[in-house]
Amino acid sequence: MRKGGAFGNELFIVAKALVAAQRLQYPVLLTRRAGAMGKAQSEAANPAASLPAKQPWPSKSGGGDVSWLRISHSLREKFWDDRSTGAETGYGCLELLRKQKRVMDPGAGGFHQDLGEWKEPPLSWRPLLAEAFQVDMPQMKTEVIMPGNEDLVMYFRPYRRKQIFDLRGDHAFLTSPPFAFFDFAVQQHRRDFPSGKLLVIAEPSMRSHPTVGRLCSELGAAVVTDMDQAGKQAWLADWVWLRSAKHLVLSPSTFVWWAAFLSEALRIYVPIFPGIAALPWCKLLPSGDPRYLFYDFWTNTTFTDGSVAKTHCQEYFHCKADECVVKKHRTAMASLYPELLELNQQDADFLNASAAKMGATSLGGTAVAEASTAAATDASRNVPAATATAATAMDKGTDLEAVLNTTPGPIPRHLVLQRHAGLYLDKSLQPEFKDIVLLTAANSAYMDFLQNWECHAKRLALDWVVLALDQEAYQVLSTSARVLLATGSTSGSLEYLSKGFNLMSLNTLATVFEVMKEGFDVVFTDSDNVFLSDPFAAGTRTNCGGRSG
């Protein structure tokens, strides 16, 4: 929402009362300001306050109607006047009813962001709440184009501006879903609706957010601004527009949660955070609603059963502070947000604290990527036709270089990885390593280190892939058919643990994570560490992809 973030919270408060009224067959008394409406939102703009004077609400059990009661305008001030002079009894009308225990307020106390309070499955309440919270699009000067039936609408909302982590006491929160979550939803959607538009809606000040920029530049999405013409009611226009979408991607927000839940959407993509979110998100995962697809972007796991997704979410939520994924694996987590790495000092301090605690090897040296292979395979991702053709040829034994000569454009990443997986040039050696890729990295300032590293690797008949950390290095290495351009770009010789050095390390980790999402395990080593002997030979003690050899 545009201001205050109160609207979605209020709807949960009102919904709790409406559900209780339906269950108990009590009439509903509409208060002057349902919930905690701020001054920026008028009563007329609040769907709960805009209900008809008397609107029958059919009982699910067929036992009668629930009626809405509204006080007439002439009596309104007297009704809400709780001062001692307001009535001869010393109480205003509402206060008197409360004193006589003739009014119950099940929506009092907190925001009620918990679907468990509704008792029955949320889907059973949706038709009734959809009718109760129906509201028209505000008047516009020009016609607003609503989302098409094949369009995917992505709602982006961070809880901190251009920041990865939000530190609260002993806990660290992620402030927004990463690009990888939206990319997952887009790839899923394009499989069924390849011609649908990709649309982003965000509060105006967040349209310049780096993640929104990536959605536009890398996925071809467009930011929707049509509702700005509604002025002070633009937030309501956003909500009506979101509610009309047939395919929705959510950020943790009660504002978009209600738009999605009340909509006639066919598919709703929901992120599961590997830790505590900015609101009780786990309690808002609906069960029994086939429209929802839940995605854990840390383990690359999807859920269609809301109950299972909720259990999975709560396992993250109940972690002990130092064992929470967001805190324990903060460096790998930050690698999911390469566009935000240099924008906030708090993030840098949080990551440097981790580096200091774990020692110098945390951001350098030889290491096995900490993310598990459970986070690796995403079979749903589309592969371009040229890539698929080349991959088929490779499966038949055709040489990669020969295939790539007839494949236009940059070398497809999956083909490079498939070609060089296995750790050895001779793929018959140690076949159990067939899905493991040996990675090293360098930018243009460290090419001499890379050449030295490669000399030793060749002597040991190893196979590997190089992550080029800047465009210049990529151009130099592109003829080798064993290079990938890393996420982000870091050039020059960088001082250890400087901001640039940390960014380079995190860009490397981000690319390692992308490699694992292609379905490979990873062994990573910096190019200033050389192998004097074969570290993967039988009988050698090592840790490779979670296995000891």
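Basis of the calculations
Residues numbered from 1 in each chain as written. Predicted model: local features only at pLDDT ≥ 70, side-chain atom pairs only at ≥ 80, totals over all residues. Heavy atoms only, no water. Helix = DSSP H or I, 4+ residues; strand = E, 2+ residues; numbered from the N terminus. Buried < 20%, exposed > 50% of the residue type's maximum accessible area, 1.4 Å probe, protein only. Contact = heavy atoms within 4.5 Å. Expected span 1.5 Å × (residues − 1). Core = buried A, V, L, I, M, F, W, Y, C linked by side-chain atoms within 4.5 Å. Pairing = 2+ DSSP bridges. Right-handed = clockwise from strand over helix to strand, strands pointing away. Disulfide = S-S within 2.5 Å. Salt bridge = Lys/Arg side-chain N within 4 Å of Asp/Glu carboxyl O. Phe/Tyr/Trp six-rings, centres within 6.5 Å; stacked < 30°, edge-to-face > 60°. Axes fitted to C-alpha atoms, helices over the stretch in contact; angles between N-to-C directions. Left-handed = near helix turned anticlockwise from the far one by under 90°. Nonpolar A, V, L, I, M, F, W, Y, C, P; charged D, E, K, R; others polar. Parallel < 35°, antiparallel > 145°, perpendicular 65-115°, else oblique. pLDDT = per-residue confidence, 0-100.

(A) Up close: the overall build of the chain. Counting its regular elements, the chain contains 18 helices and 20 strands. In the chain, which comprises 549 residues, the share counted as buried stands at 52%. Intrachain contacts of the chain at a sequence separation of at least 6 include 69% that bridge at least 24 residues.

(B) Layout of helix 5 (residues 179–192). Given a rise of 1.5 Å per residue, 14 residues ought to cover 20 Å, and the 21 Å separating the end C-alpha atoms of helix 5 matches this to within 8%. Taken across its 14 residues, helix 5 has eleven buried, putting it largely inside the fold.

(C) Representation of the nonpolar core within the structure. W118, L129, F133, M154, W239, L242 and W258 are the most contacted members of the largest nonpolar core, which totals 103 residues. If we ignore the near neighbours within four places in the chain, the residues touching M154 are F182, V186, L198, L199, V200, I201, L215, A221 and V249. Core analysis: the second largest hydrophobic core is formed by 23 residues, W464, A473, Y474 and V523 among them.

(D) Looking closely at the pairing of strand 8 (residues 198–201). Because side chains alternate across strand 8, one face comprises the buried residues L198 and V200, and the other comprises L199 and I201, equally buried. Looking at chain direction, strand 5 (residues 152–155) and strand 8 are connected through four bridges and run parallel. Note that in strand 8 the partner of L152 across the bridge is L198. Summarising the sheet, strand 8 and strand 9 (residues 222–223) pair through two bridges and their orientation is parallel. By the bridge assignment, L199 is partnered in strand 9 with A222. Between strand 8 and its parallel partner strand 9, the chain crosses via helix 6 (residues 210–219), and the hand of that crossover is right-handed.

(E) Inspection of the state of the cysteines at higher detail. Per the counting criterion, the structure on display carries two disulfides. Here C282 connects covalently by a disulfide to C313, the sulfurs 2.0 Å from one another. Residues C282 and C313 are joined by a disulfide whose S-S torsion is about -75°; by sign, that bridge is left-handed. Highlighted residues: C282 in the loop between strand 11 (267–272) and strand 12 (292–296) and C313 in helix 9 (residues 306–317), separated in sequence by 31 residues. Of the residues examined, C313 reaches a relative accessible area of 2% and is grouped as buried. Each sulfur of the disulfide joining C319 and C324 lies 1.7 Å from the other. What sets the handedness of the C319 and C324 disulfide is the S-S torsion sign, and at about 95° it is right-handed. A residue is classified by how much of its surface remains accessible, and C319, at 19% relative accessible area, is buried. On the accessibility criterion, C324 (5% relative accessible area) is buried. Ordinal numbering of bonded cysteines along the chain defines a disulfide pattern of 1-2, 3-4.

(F) Structural view of the pattern of salt bridges. A complete count under the given rule lists 14 salt bridges for this structure. With a shortest N-O distance of 2.8 Å, E120 and R23 are connected by a salt bridge. One end of the pair, E120, is in the loop between helix 3 (93–99) and helix 4 (122–132); the other, R23, is in helix 1 (residues 7–24), with 97 residues separating them in the sequence. Take E120: its relative accessible area is 29%, and that puts it in the partly exposed class. A salt bridge links D228 to R207, with the shortest nitrogen-to-oxygen separation between them at 2.8 Å. Pair noted here: D228 is in the loop between strand 9 and helix 7 (234–243) and R207 is in the loop between strand 8 and helix 6, with a separation of 21 residues, a long-range link. Looking at D228, the relative accessible area reads 32%, which means it is partly exposed.

(G) Local environment of the pairing of strand 15 (residues 436–442). The buried fraction of strand 15 amounts to seven of the seven residues, a majority that puts the element mostly inside the structure. Neither face of strand 15 is exposed, since I436, L438, T440 and A442 on one face and V437, L439 and A441 on the opposite face are all buried. Both strand 15 and strand 18 (residues 521–524) contribute to a ladder of four bridges, which runs parallel. Directly across from V437, in strand 18, lies its bridge partner V522. Inspection of the sheet shows strand 15 paired to strand 16 (residues 465–468) by four bridges, in the parallel sense. Residue pairing for strand 16: A442 is matched across the bridge by A468.

(H) Quick look at the packing of aromatic side chains. Tallied over the entire structure, the rule returns 25 aromatic pairs. Between W118 and W258, the ring centres sit 5.9 Å apart and the planes meet at 35°, which makes this aromatic pair tilted. One end of the pair, W118, is in the loop between helix 3 and helix 4; the other, W258, is in helix 8 (residues 254–261), and 140 residues separate them in sequence. For the pair W118 and W258, one class covers both residues: buried. Judged by centre distance (6.4 Å) and plane angle (20°), the rings of F181 and Y295 are stacked.

(I) Region of interest: the sheet that holds strand 11. Read from one edge to the other, the open sheet built from seven strands follows the order 9-8-5-10-11-12-13, with strand pairing classed as mixed. Two strands in the sheet have a free side with no partner beyond their single neighbour: strand 9 and strand 13 (301–303).

(J) Examining unusual backbone geometry more closely. The phi torsion at K119 lies on the positive side, around 70°, for a residue other than glycine. In this fold, K119 is placed in the loop between helix 3 and helix 4. For L423, which is not glycine, the phi dihedral falls at a positive 75°.

(K) Representation of the packing of helix 5 against helix 6 in the model. It is at 10 Å that the axes of helix 5 and helix 6 come closest, and there the two elements cross at 35°. Helix-helix and strand crossings are classified by hand; for helix 5 and helix 6 the assignment is right-handed. Contacts between helix 5 and helix 6 pair F179, F182, D183, V186, Q187 and R190 from the former with T211, R214, L215, E218 and L219 from the latter. Of the residues assigned to the contact of helix 5 with helix 6, the class counts are five nonpolar, two polar and four charged.

(L) Layout of the packing of helix 7 against helix 8. The geometry of helix 7 relative to helix 8 is characterised by a closest axis approach of 8 Å and an angle of 40° between their N-to-C directions. Our classification of the angle between helix 7 and helix 8 gives oblique. Crossing handedness for the pair helix 7 and helix 8: right-handed. Side by side, helix 7 and helix 8 meet where W235, D238, W239, L242 and R243 of the first sit next to F255, V256, W258 and A259 of the second.

(M) Region of interest: the confidence of the model for the chain. Taken residue by residue, the chain gives an average pLDDT of 77. The fraction at 70 or more is 74%. In the model, residues 1–5 has pLDDT below 50 throughout and makes 17 contacts with residues more than four positions away in sequence or in other chains. In this model residues 32–90 is a low-confidence stretch, pLDDT under 50, and it forms 120 contacts with partners more than four residues away in sequence or in other chains.

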